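Chain residues, written in single-letter form:
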Amino acid sequence: MHLLKNITVACLLAGAGHAIAAQNVTIGVAIPTATHGFTGGIVWWANQAKKELEAANPNLKVIVKTAGSTPEQANQVQDLLVVNKMNALVILPLESASLTQPVAQVKNKGVYVTVVDRGLTSPNAQNAYVAGDNTAFGRLPAEYLAKKLNGKGNIVVLRGMPSTIDNERVNAFNAEIKKHPGIKVLDAKYGNWNRDDAFKVMQDYLTRFKGIDAVWAADDDMAIGALKAIEQAKRTDIKEVFGGAGAKFAVKKVIDGDKLVQANVSYSPKFIYDAIKMTATARLKGEALPAKTIIPSVLITKENASQFYYPNSPY
Amino acid sequence: MQPTPTTDRGELSPPSPPTSTRAAGTGFPALRLKGAGPVVALVLLCIAGALLNPEFATFDNLMNVLTRTAFIGIIAVGMTFVIASGGIDLSVGSMAALIAGVMIVAMNALALGPSPPSPVATVVLGIALALAFGASAGFAHGFLVTHGRIEPFIVTLGTLGIFRAVLTWLSDGGAITLDYNLSESYGPVYYQSVLGVPIPVWIFALVAVAGVVILNRTPFGQHVQAIGSNEQVARYASIRVDRVKTLTYLLLGVCVAIATILYVPRLGSATPTTGILWELEAIAAVVVGGTSLKGGAGRIMGTVVGAILLSVIGNILNLTSIISVYLNAAVQGVVIITVAYLQRGRR
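Residues numbered from 1 in each chain as written. Chains lettered and ligands numbered in written order. Predicted model: local features only at pLDDT ≥ 70, side-chain atom pairs only at ≥ 80, totals over all residues. Heavy atoms only, no water.

**Examining the overall build of chain A**
- Helix and strand counts for chain A come out as 10 helices and 12 strands.
- The buried share of chain A, reckoned over its 315 residues, is 54%.
- Long-range contacts, defined here as pairs at least 24 residues apart, represent 72% of the contacts in chain A between residues at least 6 apart.
- Averaged over its 37 positive side-chain charges, chain A has a centre that lies 2 Å from the centre of its 27 negative ones. (Helix = DSSP H or I, 4+ residues; strand = E, 2+ residues; numbered from the N terminus. Buried < 20%, exposed > 50% of the residue type's maximum accessible area, 1.4 Å probe, protein only. Contact = heavy atoms within 4.5 Å. Lys, Arg positive; Asp, Glu negative; His and termini not counted. Charge placed at Lys NZ, Arg CZ, Asp CG, Glu CD.)

Below you can see the structure in the form of structure tokens.
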């Protein structure tokens, strides 16, 4: 009996030793609350990653936390470290500047940090950076529209919210359009990545400009509002409404050969899934990620649209 | 919202409760005079708009502006009752979003169910559900404020979070979209015109007229203003304060439902960003229209003008490009404060 007990204890110790050798990884995932379509997609893809990766790796734990504000996210990062003992963090910061310090502090305590999409102000606060390509997000629609309009025509632009991401996209768009002197950007107003605001701004564009050849709505949610306003005004001069980010309904329209929505540009919330997966795979092996991974934004047309169609995602 | 002394209200103060029946007649000309502030501001803005862009003064643009004002305007009419009685409701934007979401989910379920009713019947059921939902949510607010003795600010701040979170959960963070066949039958409610005027504008006008009648010509309306003026005195005058207050929230809930019924066919979907900041726009319309946030005298026509004023600012900013787009919100803020200042000067 005594012997048996000893053997059991020995086995348990060996087991524990083995587990340590195989590296238990606890990944904390800090993302924004689902407040619109895109962040809804982020939350869905993060949970998808948790489900798949935890099932495949018994040594892996993924804890997903969503925050509605910057202070809340900073608190969550703290809690993930103190309560959940995470040793890797994948974060999509709500704001770059104000989260740099809190993230730098957890990194200094030995947590491996992967920052997604919106960057931090100091690269020292992160081990790796994974992002979508905002420049291509603006450049590709400009190239596409210039080609579609044969280098001549009038475009109206709906911008997102005043932010660095929006500036990056719009600057890239304008830079490309400048190469085509026949194309004129009539105006660019904020639709705030919101359907209702985009509807109003588009209505007013339609009142103001009698000839519009194309709309760059810069986001699929805004494209819905713009399409409804065009439909209501029964305008036939518009040849293309280009949204962006590859929302499932927009990709579906591209697949179905919609009259106004014939192309899109990918900027899928799936990059949070990719970032979590890459971090988990690397950390389980004790490896590091490349310092910077840009997930390319690709032009979606009828030919390749089915690869970008995720009917189960909310976005 | 503490009741305030009636002394600073001059000729506008609602009549003392026992003699409430004679009030409407004498109060009315004074109301019209007082309401001139926002009207003057609106006229000035329209002149500026027409000078900046000739398209501003077209009939189509006018209808666009009035149609988009309808949502906030209808809610603001209901909000006038709540504010006039000394209360506040911060939840209306979230409530509208949740009503839209619940309505769409229910209509889709009916349409895609085993024995679907005709699309028109489905839409009618959806509308009935929206009204019932709005009325019960409003009643719940009123009940918590009066019987629960919780500040309306806190009650509705709480439900603001609850309503939006439930919608976000229902929609999985994405969009709840109305079934295509249903939106074909429901679409005309927003897009159709009668005698050249879009349906939402008609409904807005009806709600406004009903609001004026109820607030200025019925005992209930007089009680609302009396309670907002001085709740304690109203109690001594044997006004059933709790019941009247509850009714104001219920009325607002119904207004939110009506606004949502007009909103849903526009885009045929509800998302977690639907109705964000509507509560502030509605409250701004009420205050710009001359109703004091402290309660007391309510002015429905002022509220209507205030709501239109807010839309017109946005419309003018969209029709011109002389001001940096970054400063749009600043222009709106300046106009709101200026009009409120003019109101204050008139008191």
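**Remarks on unusual backbone geometry**
Residue and element names in this part refer to chain A.
- Phi is positive for N192, which is not a glycine, with a value near 55°.
- Residue placement: N192 occurs in the loop between β7 (183–190) and α7 (195–208).
- For N192, a relative accessible area of 25% puts it in the partly exposed group.

**Some remarks on the interface of chain B and chain A**
- Each side of the interface is counted separately: chain B has 32 residues, and chain A has 29 residues.
- A combined buried area of about 2600 Å² lies between chain B and chain A, and 50% of that area is made up of carbon and sulfur atoms.
- Taken together, chain B and chain A are joined by 3 salt bridges.
- Linking D196(A) and R266(B) is a salt bridge whose minimum nitrogen-to-oxygen distance equals 3.5 Å.
- Connecting chain B to chain A are 14 residue pairs in polar contact (both at pLDDT 80 or more).
- By residue number, the principal contributor to the side of chain B that touches chain A is helix α14 (residues 300–319) of chain B, which donates 5 residues.
- The class makeup of the residues in the side of chain B that touches chain A is 10 nonpolar, 18 polar and 4 charged. (Buried area = accessible area lost by both parts, 1.4 Å probe. Salt bridge = Lys/Arg side-chain N within 4 Å of Asp/Glu carboxyl O. Polar contact = N/O pair within 3.5 Å; in protein donor to acceptor, adjacent residues only side chain to side chain. Nonpolar A, V, L, I, M, F, W, Y, C, P; charged D, E, K, R; others polar.)

**Observations regarding the side chain of D89(B)**
Residues and elements named next belong to chain B.
- Tracing the chain through its elements places D89 in the loop between α3 (59–84) and α4 (92–112).
- The buried charged residue D89 lacks any salt bridge, with R164 as its nearest oppositely charged partner at 11 Å.
- Here S91 takes part through its side chain, which lies 2.8 Å from a polar atom of the side chain of D89.
- There is a polar contact of 3.4 Å between the side chain of D89 and the side chain of H141.
- When residues no more than four places from it in sequence are discounted, the contact partners of D89 are M79, V82, M95, H141, T156, Y249, L252, E279 and I283.

**Digging into a nonpolar patch on the surface**
Residue and element names in this part refer to chain B.
- Side chains of V39, V40, V43, L44, I47 and L51 sit close together on the surface and give an oily, nonpolar patch of about 560 Å² of accessible area.
- Mapped onto the elements of the fold, L44 is located in helix α2 (residues 36–52).
- Judged by relative accessible area, which is 55%, L44 ranks as exposed. (Patch = residues over 30% accessible without salt bridge, like charges linked within 9 Å, V, L, I, M, F, W, Y side chains within 5 Å. Areas by Shrake-Rupley, 256 points an atom, 1.4 Å probe, with all protein chains shown as cover.)

**A short note on the pairing of β7(A)**
- With 6 of 8 residues buried, β7(A) is to be regarded as a mostly interior element.
- A crossover links strand β6 (residues 153–159) of chain A with its parallel partner β7(A), the connecting element being helix α6 (residues 164–178) of chain A, and its sense is right-handed. (Right-handed = clockwise from strand over helix to strand, strands pointing away.)

**As for the environment of L98(B)**
Residue and element names in this part refer to chain B.
- If you trace the backbone, L98 turns up in helix α4.
- Looking at L98, the relative accessible area reads 4%, which means it is buried.
- L98 sits 29 residues away from T69 along the chain, and the two C-alpha atoms are 20 Å apart.
- Not counting chain neighbours up to four residues away, the residues in contact with L98 comprise F133, F163, V166, L167 and L170.

**Observations regarding the confidence of the model for chain A**
- Averaged over all residues, the pLDDT of chain A is 87; the fraction at 70 or higher stands at 93%.
- In the model of chain A, helix α1 (residues 2–21) of chain A stands out as the element of lowest mean pLDDT, 49, in contrast to strand β8 (residues 214–216) of chain A, which has the highest, 96. (pLDDT = per-residue confidence, 0-100.)

**Some points on the confidence of the model for chain B**
All names here are of chain B.
- This prediction gives chain B a mean pLDDT of 86; 89% of its residues lie at or above 70.
- Taken together, the stretch residues 1–33 has pLDDT below 50 and engages in 45 contacts with residues farther than four places along the chain or on a different chain.
- With pTM at 0.81, the complex prediction returns an ipTM value of 0.76.

**Some details on the side chain of R299(B)**
- Positionally, R299(B) belongs in the loop between α13 (278–288) and α14.
- Separated by 3.3 Å, the side chain of R299(B) and the backbone oxygen of G290(B) make a polar contact.

**Considerations on helix α3 (residues 70–82) of chain A**
Residue and element names in this part refer to chain A.
- The end-to-end C-alpha separation of α3 is 19 Å, in line with the 18 Å expected for 13 residues at 1.5 Å each.
- Listed as buried for α3 are T70, Q73, A74, Q76, V77, L80 and L81. Axial view of α3: buried residues confined to an arc of 160°, hence all on one face. (Expected span 1.5 Å × (residues − 1). Arc of directions from axis to C-beta.)

**Thoughts on the sheet that holds β7(A)**
All names here are of chain A.
- With respect to topology, 4 strands assemble into an open sheet ordered β7-β6-β8-β9, the strand pairing being parallel. Taken across any chain shown, the strands that pair with only one partner, and hence form the sheet edges, are β7 and β9 (240–242). Pairwise comparison of adjacent strand axes, ignoring direction, gives a mean angle of 15° for this sheet.
- Both β8 and β9 contribute to a ladder of 3 bridges, which runs parallel. Along β9, the bridge assignment pairs V215 with V241.
- Against the sheet, α6 engages β6, β7 and β8, with an angle of about 170° to β6. (Pairing = 2+ DSSP bridges. Axes fitted to C-alpha atoms, helices over the stretch in contact; angles between N-to-C directions.)

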